[in-house]
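# Working through the structure, step by step
So you can see what is in the structure, the chains are spelled out below.
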Amino acid sequence: MTPERKIPERRSRKARRTRDTLAQAAFELVLDRGLRNVTVEEIAEAADVDRRTFSRYFTSKEAAALDSLRGDGDRINAALRARPAPEPPLLAYRRAVLDWLADPAAEPWHRRPRIFDLLVVAEEEPTLYAVFHHIRVDAQEDSVAIVADRLGVDPRQDIRPAVTVAAGAGALLAAQAAWVRGGRPDALPALVAEAFDALSADLLGEPRPAPERHRPTPEQHRDITSTTRITSTAEEAEGTEATS
């Protein structure tokens, strides 16, 4: 390797370390003190850089705090690319998500320290949730391109890739919301499987008929009416005796 190539690579590694340090500082400060009690200047100070350096890497404290989640979309998409070509697109997306959740090396949310807490905060803070939404949208755009390539179609002309990803990402989002509201950090894989089961079975299958209510026969109806009249007469008589 020539010295000319070493210099850019060294700079790239340094930039990556700086970004990671800022992101970790924002992550910890937001969780320890609350989003509204943390400033960009405090994050920069905790990372031992100045305010200007922070702005080279992040547009806001929310973006810095959530930066550790950005790579998860990349991991899901890598698993999606690796799924066998004959798999139907939605099944491939489901299995890619479950592959990510089952891979300890990928550090999925339920295995990574304090990610559960971060997503709980994101549910409560609108500005944090908005940034999280943008991170998901970026990942979904890549997913659409991957599904389109699997189908051999142009996603600008064929709506199926976008529909597939919207459905799969919606199931994941529903599971994530149930996860953070349920208070059980280890329940995420089961909730994801349940969400995809609902998507592929209950929601796409035939609607289940409502249970029929038992209707009395004419003879039963007369008996009920007669009993009601007798009961009402007895109650009226008791009421008359009580007031006399």
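Our structure is the block above this text.
About the criteria used
Residues numbered from 1 in each chain as written. Predicted model: local features only at pLDDT ≥ 70, side-chain atom pairs only at ≥ 80, totals over all residues. Heavy atoms only, no water. Helix = DSSP H or I, 4+ residues; strand = E, 2+ residues; numbered from the N terminus. Buried < 20%, exposed > 50% of the residue type's maximum accessible area, 1.4 Å probe, protein only. Contact = heavy atoms within 4.5 Å. Areas by Shrake-Rupley, 256 points an atom, 1.4 Å probe, with all protein chains shown as cover. Axes fitted to C-alpha atoms, helices over the stretch in contact; angles between N-to-C directions. Parallel < 35°, antiparallel > 145°, perpendicular 65-115°, else oblique. Left-handed = near helix turned anticlockwise from the far one by under 90°. Nonpolar A, V, L, I, M, F, W, Y, C, P; charged D, E, K, R; others polar. Expected span 1.5 Å × (residues − 1). Salt bridge = Lys/Arg side-chain N within 4 Å of Asp/Glu carboxyl O. Phe/Tyr/Trp six-rings, centres within 6.5 Å; stacked < 30°, edge-to-face > 60°. Lys NZ or Arg CZ within 6 Å of the ring centre and 35° of its normal.

### A short note on the overall build of the protein
Helix and strand counts for the protein stand at eleven helices and zero strands. Along the protein, helices and strands appear, N-terminal first, in the series α-α-α-α-α-α-α-α-α-α-α. By the burial criterion, 34% of the 244 residues in the protein qualify as buried. Of the contacts formed within the protein by residues at least 6 apart in sequence, a portion of 62% connects residues at least 24 apart. Summed over all atoms, the accessible surface of the protein reaches about 15500 Å², with 53% contributed by carbon and sulfur.

### Remarks on the packing of helix α5 (residues 67–82) against helix α6 (residues 89–102)
Packing of α5 against α6 leaves a shortest axis separation of 8 Å and a crossing angle of 125 degrees. With respect to each other, α5 and α6 are oriented oblique. Judged by the sense of rotation from one axis to the other, the crossing of α5 with α6 is right-handed. Between α5, through D72, R75, I76, A79 and L80, and α6, the contact on the second element is made entirely by A92, Y93, A96, V97, D99 and W100.

### Describing the packing of helix α7 (residues 115–124) against helix α9 (residues 160–182)
Where α7 meets α9, the closest approach of the two axes is 9 Å, and the angle between their N-to-C directions is 100 degrees. The orientation of α7 with respect to α9, classified from their angle, is roughly perpendicular. Between α7 and α9, the contacting residues are F116, L119, V120 and E123 on the first element and Q176, A177, W179, V180 and R181 on the second. Among the residues forming the contact of α7 with α9, the class breakdown is six nonpolar, one polar and two charged.

### As for α9
Taking 1.5 Å per residue as the helical rise, α9 with its 23 residues ought to reach 33 Å, and the 33 Å between its terminal C-alpha atoms agrees with that figure. Every buried residue of α9 is listed here: P161, T164, V165, G168, A169, A171, L172, A175, Q176, A177, W179 and V180. Among the residues trailing α9, G183 stands out with phi positive, at a value near 75 degrees.

### Focus: the pattern of salt bridges
Counted according to the given criterion, the structure contains 17 salt bridges. Salt-bridge contacts for R75 lead to D72; the nearest nitrogen and oxygen are separated by 3.0 Å. Here D72 and R75 lie together in helix α5, a separation of three residues that amounts to about one turn. You can call D72 buried: its relative accessible area is 1%. Two residues, R156 and D154, come together in a salt bridge whose shortest N-O distance is 3.2 Å. Residue R156 is classed as exposed on the basis of its relative accessible area, which comes to 72%. D154 sits in the partly exposed class, given a relative accessible area of 28%.

### Focus: the packing of aromatic side chains
Tallied over the full model, the rule gives five aromatic pairs. Ring geometry for W100 against W109: centres 5.3 Å apart, planes inclined by 90 degrees, an arrangement best described as edge-to-face. Each member of the pair, W100 as well as W109, carries the same accessibility label: buried. Judged by centre distance (5.0 Å) and plane angle (80 degrees), the ring pair of F116 and W179 falls under edge-to-face. In this pair, F116 sits in helix α7 while W179 sits in helix α9, placing the two residues 63 residues apart along the sequence. According to the relative accessible area criterion, F116 is buried, its value standing at 14%. For W179, a relative accessible area of 0% translates into the label buried. Each member of the aromatic cluster is reached from another via a ring pair, and the members are W100, W109, Y129 and F132. We note R136 situated over the ring of F132; from NZ or CZ to the ring centre the distance is 4.9 Å.

### Structural notes on the side chain of R83
Relative to the helices and strands, R83 is located in the loop between α5 and α6. Exposure remark for R83: the relative accessible area of 18% places this residue in the buried category. Not counting chain neighbours up to four residues away, the residues in contact with R83 comprise A92, R95, A96, D99 and R150.

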